[in-house]
Amino acid sequence: QKELTELQLGNLGYYYANALFVQQDFRKSILVIAEILHALNVTISTQPKLSKIIFSMISLQKDMRGKDMAFIEQLPTVSDKVALVKIKLLQNAMGAAYLYAPKMIPELTAKQLNLSIKSGASDLFGLCLACYGFILSMYSNKPKEAQKTYGIAVTMNDRFSDAVAI
């Protein structure tokens with residue numbers, strides 16, 4: 001019996017979670033993603049407490065401090081396939097969390113944003129930035145910063161021709 005590589009495990013988990021999402025089993029989709037991410041050394045809280053939500057929002061703002069449009073536009077495209085599958089899993093969890101456990105969104109956004117800044121931009125980075133803008137406007141009451149972030153999100157989305165429209 002051959003052991004799976006991180007990339008194989010991540011991709012299998014991604015496809016399995018997608019199948020669960022299509023079946024509208026959002027809770028199980030989130031649990032599968034959390035288990036796969038844990039195996040890939042990324043932890044997420046499936047039932048975050050208020051302290052985790054606040055910590056995630058502070059982490060988001062810390063990660064973005066001093067990062068303007070020029071910095072974001074200069075991010076290289078992610079080349080590490082394992083990092084990319086982690087980003088895809090986090091984005092997949094975002095959809096399920098939106099429908100099942102919205103309290104997870106700040107942490108998922110923080111993890112995906114941090115990983116993208118470290119590993120490079122992908123076609124999902126614009127969506128992540130849009131989520132960050134949403135958090136700025138709704139939770140942090142920073143509508144001007146949110147508008148700037150939305151602008152960066154659209155720019156990053158345009159960078160990848162096959163990206164989802166924002």
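Residues numbered from 1 in each chain as written. Predicted model: local features only at pLDDT ≥ 70, side-chain atom pairs only at ≥ 80, totals over all residues. Heavy atoms only, no water.

*Asks:* I'm lost on the overall build of the protein chain in this one. Help?
*Replies:* Along the backbone of the protein chain there are eight helices and zero strands. When the helices and strands of the protein chain are listed from N to C terminus, the series reads α-α-α-α-α-α-α-α. Relative to a compact globule of 166 residues, whose C-alpha radius of gyration would be 15 Å, the protein chain shows 15 Å and is just as compact. Residues counted as buried form 46% of the 166 residues belonging to the protein chain. (Helix = DSSP H or I, 4+ residues; strand = E, 2+ residues; numbered from the N terminus. Rg over C-alpha atoms; globule rule 2.2 N^0.38 Å. Buried < 20%, exposed > 50% of the residue type's maximum accessible area, 1.4 Å probe, protein only.)

*Asks:* Could you clarify how one ought to interpret the nonpolar core in this entry?
*Replies:* Buried together is how nonpolar side chains tend to be arranged in soluble globular proteins. If you look at the biggest cluster of nonpolar residues, it comprises 50 residues, and the most contacted ones within it are Ile44, Ile72, Leu108, Leu113, Phe125, Leu129 and Met156. For this core, the secondary structure elements donating two or more residues are helix H1 (6-22), helix H2 (26-39), helix H3 (50-64), helix H5 (81-100), helix H6 (105-119), helix H7 (125-138) and helix H8 (143-159). (Core = buried A, V, L, I, M, F, W, Y, C linked by side-chain atoms within 4.5 Å.)

*Asks:* Help me out: how do you make sense of the side chain of Glu107 in this one?
*Replies:* The topology assignment puts Glu107 in helix H6. Given the relative accessible area of 4%, Glu107 is considered buried.

*Asks:* What is the right way to read the packing of H7 against H8 from this model?
*Replies:* Two measures define how a pair of helices packs: the angle their axes make with one another and the distance between the axes. Remark: H7 packs on H8, axes separated minimally by 8 Å, with the N-to-C direction vectors making an angle of 170°. With respect to their mutual orientation, H7 and H8 come out roughly antiparallel. For the pair H7 and H8, the contacting residues are Phe125, Gly126, Leu129, Ala130, Tyr132, Gly133, Phe134, Leu136 and Ser137 in the first and Glu145, Ala146, Thr149, Tyr150, Ile152, Ala153, Met156 and Asn157 in the second. Of the residues belonging to the contact of H7 with H8, the class tally is eleven nonpolar, five polar and one charged. (Axes fitted to C-alpha atoms, helices over the stretch in contact; angles between N-to-C directions. Parallel < 35°, antiparallel > 145°, perpendicular 65-115°, else oblique. Contact = heavy atoms within 4.5 Å. Nonpolar A, V, L, I, M, F, W, Y, C, P; charged D, E, K, R; others polar.)

*Asks:* Help me understand the packing of aromatic side chains, please; the structure alone is not making it clear to me.
*Replies:* The geometry of an aromatic ring pair comes down to the distance between the two centres and the angle between the two planes. Applying the stated criterion to the full structure yields two aromatic pairs. Look at Tyr14 and Tyr15: their rings are 5.4 Å apart centre to centre, the planes differ by 70°, and that puts the pair in the edge-to-face class. When its relative accessible area of 53% is taken as the criterion, Tyr15 is described as exposed. When the ring of Phe21 is compared with that of Phe26, the centres are 5.1 Å apart and the planes differ by 65°; the resulting orientation is edge-to-face. The residue whose ring lies beneath Lys67 is Phe71, and the NZ or CZ to ring-centre distance is 5.5 Å. Lying over the aromatic face of Tyr14, Lys88 brings its terminal NZ or CZ to 4.6 Å of the ring centre. (Phe/Tyr/Trp six-rings, centres within 6.5 Å; stacked < 30°, edge-to-face > 60°. Lys NZ or Arg CZ within 6 Å of the ring centre and 35° of its normal.)

*Asks:* Explain the packing of H1 against H2 here, please?
*Replies:* Remark: H1 packs on H2, axes separated minimally by 8 Å, with the N-to-C direction vectors making an angle of 170°. Classified by the interaxial angle, the pair formed by H1 and H2 is roughly antiparallel. The segment H1 lies against H2, with Leu9, Gly10, Gly13, Tyr16, Ala17, Leu20 and Phe21 engaging Phe26, Lys28, Ser29, Val32, Ile33, Ile36 and Ala39. In the contact of H1 with H2, the residues fall into ten nonpolar, three polar and one charged.

*Asks:* Help me understand the confidence of the model for the protein chain, please; the structure alone is not making it clear to me.
*Replies:* Caution applies to low-pLDDT regions: their predicted coordinates should not be interpreted in detail. Confidence in the prediction of the protein chain, expressed as mean pLDDT, is 90, and 96% of residues score 70 or more. Confidence, read as mean pLDDT per element, is least for helix H4 (residues 69-73) in the protein chain (84) and greatest for H2 (96). (pLDDT = per-residue confidence, 0-100.)

*Asks:* What exactly am I supposed to notice about the environment of Ala121 here?
*Replies:* Within the element layout of this structure, Ala121 appears in the loop between H6 and H7. For Ala121, a relative accessible area of 0% gives the class buried. Ignoring anything within four residues of it in the chain, the contact list for Ala121 reads Leu75, Pro76, Thr77, Val78, Ser116, Met156, Arg159 and Phe160.

*Asks:* Please clarify how the pattern of salt bridges should be interpreted in this entry.
*Replies:* A side chain of one charge can pair with a side chain of the opposite charge if their charged atoms are brought near each other. Evaluation of the coordinates by the stated rule reveals two salt bridges. Residue Asp63 pairs with Lys62 through a salt bridge whose shortest N-O separation is 3.5 Å. The buried category is assigned to Asp63, whose relative accessible area is 9%. (Salt bridge = Lys/Arg side-chain N within 4 Å of Asp/Glu carboxyl O.)

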